[in-house]
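# Report on the structure
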Amino acid sequence: MSRRLALVIVAAFVAAVLVLPATGAPATPQAGGTLIIGRGADSVTLSPYASASPDAEVIAHIAETLYQLTPEGRIVPLLAEAMPTLSPDARTMTIRLRTGIRFHDGTPFDAAAVKWNFDFILNPDNRAPFRAILLGEVASVDAVDARTVRLNLRRPFVPLLAHLTHDFLAIHSPTAVQRAGGMRPPTGEPYGRQPVGTGPYRFREWVRGDRIVLERNPDYWGPRKPLLDQIVWRVIPDDGARVLALEGGQIHVAVRVPPRETTRLALNQALRIDRTSSVRTIYIAFNNQKPPFNDVRVRQAFNYAVNKRAIAQTVLGGAARVSDAPISPGIVGYSGIQAGGYPYDVNRARQLLAEAGHGGGVNVTILHPTGRYVQDAQVAAAVQAQLRAAGINARLQTMEWAAYLSFTNQPPDRTPVESFMLGWGTVTGDADYGLYSLFHSSQWAPAGFNRFFYRNPQVDSLLDQARAMTDAARRAATYREAMEIIWRDAPWLFLHSESQVTGVRREVQDLLVHPTERIVAFHAWLRR
């Protein structure tokens with residue numbers, strides 16, 4: 001964990017502490033009540049087939065990982081009893097597990113359950129989306145005894161411990177999966193609608209497009225018991241409606257508050273505004289195999305044609321940082337490639353388009369979500385407007401979040417997609433997760449998350465090498481070399497890193513807005 005990420009996470013922790021009463025001694029935590037969180041997009045699945053933060057945020061409250069990132073930015077044991085041990089050749093990781101823990105269905109958590117979960121993800125026939133990314137160098141898993149698991153690696157795999165904190169490697173009840181009828185790609189149905197883990201909250205209800213309801217796990221094993229009776233995630237795609245619900249008390253927390261609203265909301269004594277950095281990078285990806293974007297000059301022209309700084313200041317109210325690399329600051333392996341990002345230079349954009357044979361202009365379609373990211377539709381509109389000056393006529397198209405993910409996840413020979421907006425949070429804090437997942441050619445959709453079909457053999461080689469490098473300085477230099485090539489190749493229109501702007505009612509205590517873009521309510525309670 002880098003010092004920068006640690007600082008970012010500490011900032012989130014401090015923000016959470018500020019939810020405490022403003023005056024007098026700290027209040028005594030109270031049990032009971034229902035915390036309601038308003039967000040712009042629903043989850044797609046609550047199984048290991050999950051692929052986005054709206055899934056991960058809910059899963060984290062139900063199913064737990066072997067290790068976790070603390071608010072202070074450290075990796076610490078969760079379902080594991082202690083930090084793992086590595087063999088001298090770094091090809092075997094041995095993990096001791098806690099004992100006496102049961103899943104919500106009453107079945108025991110043990111090494112056999114861990115092996116079952118990891119074996120399921122490792123089986124290529126199951127097409128788990130994060131197999132190659134998170135467990136790619138794991139050859140096999142042994143349940144040595146009831147409380148000991150051994151991961152056998154093909155070669156040293158430096159980011160593995162960080163990957164074991166990822167919510168999509170949470171341990172689910174094998175019995176519950178089988179009772180539900182199993183998990184099938186692409187979304188892990190039918191189990192994905194009724195997950196069972198060991199976490200502080202149990203799954204109760206999911207009304208698609210409206211709400212997910214969790215209830216307190218009275219038998220939770222951890223030393224700090226959950227206090228809320230229920231947590232409800234409500235889907236409110238419209239930013240304005242979500243803010244109104246917060247002000248009216250229909251919800252306690254509103255994520256992605258429009259920055260233009262924060263000054264007014266700050267005057268409301270019933271609310272507070274939390275601003276937390278995140279490790280999420282927002283971009284517009286180009287289909288690198290499809291004209292006109294199979295020409296690097298066109299891709300670079302788009303980067304020169306958009307004034308990212310103006311968008312960050314005017315559309316996002318300063319709650320964003322212009323991208324200067326494919327991943328965000330605060331991630332192990334990050335280094336800025338071009339200060340301030342691609343410069344805004346319409347003449348250069350026109351020149352590049354003319355050299356590529358598009359001197360008379362070019363027509364493209366840009367897909368974008370609505371309500372998933374901060375001001376996503378407004379950012380797309382601003383990009384569209386700025387592109388016109390360079391002779392680019394962009395048509396915007398949006399759709400519901402689950403449909404959007406599915407539509408942009410088609411193989412290269414079938415996809416009609418030209419370009420699309422997405423974001424990627426490097427939630428493990430390691431560059432491998434942010435770069436290998438998106439830019440390695442082995443990760444082309446639909447098997448992986450390279451949905452824009454970028455391929456550069458030199459980048460592939462560098463990313464492969466970095467996975468096994470135990471020398472931190474050499475590893476950082478290798479990632480920088482890879483990012484310099486990616487930056488030049490411009491497979492994306494590099495936009496910005498998000499800041500999270502969250503509205504919270506004052507009665508909400510001990511809530512954490514994590515830089516990995518999760519509302520964490522493990523210890524939250526409501527002051528009455």
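Along each chain, residues carry numbers from 1 onward, in the same order as the chain's sequence is written. Given that this is a predicted model, residues contribute local features only at a pLDDT of at least 70 and side-chain atom pairs are listed and counted only at 80 or more, while totals for whole chains, interfaces and linings are drawn from all residues. Only heavy atoms go into the side-chain values, all of them from the structure, while hydrogens and water stay out.

### Some remarks on the packing of aromatic side chains
Aromatic pairs are defined between Phe, Tyr and Trp rings, using the six-membered ring for Trp, whenever the two ring centres lie within 6.5 Å; interplanar angles under 30 degrees are classed as stacked, those over 60 as edge-to-face, and all others as tilted. Counting across every chain of the model gives 26 aromatic pairs. Measuring from ring centre to ring centre gives 6.1 Å for phenylalanine 130 and tyrosine 433, while their planes differ by 15°; the resulting arrangement is stacked. Taken as a pair, phenylalanine 130 in the loop between α3 (111–122) and α4 (131–135) and tyrosine 433 in helix α14 (residues 431–439) lie far apart in primary sequence, 303 residues in all. The ring centre of tryptophan 206 lies 3.8 Å from the NZ or CZ of arginine 208, which sits over that ring. The ring of tyrosine 436 carries the charged tip of arginine 467 above its face, separated from the ring centre by 3.6 Å. Put simply, DSSP marks the helices as runs of H or I at least four residues long and the strands as runs of E at least two long, and each gets a number from the N terminus on. Lysine NZ or arginine CZ positioned within 6 Å of the ring centre and within 35 degrees of the ring normal marks a charge as sitting over the ring.

### Some words on the pattern of salt bridges
When the charged atoms of two side chains lie near each other, side chains of opposite charge can form a pair. Any Lys or Arg side-chain nitrogen found within 4 Å of a carboxyl oxygen on Asp or Glu counts as a salt bridge. The tally for this structure, following the rule as stated, stands at 27 salt bridges. Salt-bridge contacts for glutamate 247 lead to arginine 264; the nearest nitrogen and oxygen are separated by 2.6 Å. Of this pair, glutamate 247 sits in helix α7 (residues 239–247) while arginine 264 sits in helix α8 (residues 262–266), and the two are 17 residues apart along the sequence. Each residue's exposure class comes from its accessible area (1.4 Å probe, protein chains only) as a fraction of the maximum for that residue type: buried when under 20%, exposed when over 50%, partly exposed otherwise. What makes glutamate 247 partly exposed here is its relative accessible area of 25%. The shortest N-O distance in the salt bridge between arginine 475 and aspartate 430 comes to 2.9 Å. Highlighted residues: arginine 475 in helix α16 (residues 472–489) and aspartate 430 in the loop between β18 (419–425) and α14, separated in sequence by 45 residues. Aspartate 430 gets classed as buried once you look at its relative accessible area, which sits at 7%.

### Things to note about the environment of alanine 50
By the element assignment, alanine 50 lies in the loop between β1 (34–39) and α2 (53–62). Residue classification places alanine 50 among the buried residues on the basis of a relative accessible area of 0%. For the pair alanine 50 and glutamine 250, spaced 200 residues apart in sequence, the C-alpha separation works out to 28 Å. Only heavy atoms enter the contact rule, under which two residues are in contact if any of them lie within 4.5 Å. Ignoring sequence-local partners within four residues, the contact set of alanine 50 consists of Thr45, Asp55, Ile59, Pro129, Phe130 and Phe168.

### Thoughts on unusual backbone geometry
Between proline 185 and proline 186 the backbone carries a cis peptide bond, its omega angle lying at 5°. By secondary structure assignment, the location of proline 186 is in the loop between β8 (183–184) and β9 (189–190). A positive phi angle, close to 60°, is found at phenylalanine 453, a residue other than glycine. Position of phenylalanine 453 among the secondary structure elements: in the loop between α14 and α15 (457–467). Residue phenylalanine 453 is classed as buried on the basis of its relative accessible area of 1%. Positive phi, normally seen in glycine, also occurs at alanine 490, with a value near 50°.

### Let's talk about the pairing of β1
Of all six residues making up β1, five are buried, and the element is well covered by its neighbours. At least two DSSP bridges between two strands are needed for those strands to be called paired. Here β1 pairs with strand β12 (residues 230–235) via six bridges, running parallel. Paired with leucine 35 across the bridge in β12 is isoleucine 231. Two strands pair when backbone bridges link them, and β1 and strand β13 (residues 253–254) are joined in this way by two bridges, in the parallel orientation. Bridging across to β13, glycine 38 finds its partner in alanine 254.

### Digging into α3
Between the first and last C-alpha of α3 there are 16 Å, a value that for twelve residues agrees with the 16 Å anticipated at 1.5 Å per step. Regarding α3, the residues found buried are Ala111, Ala113, Val114, Asn117, Phe118, Phe120, Ile121 and Leu122. As for α3, its buried residues are in contact with α4, β6 (138–145), β7 (148–153), α6 (174–180) and β8. Under the convention used throughout, the expected extent of a helix is 1.5 Å for every residue step, that is, one less than its residue count.

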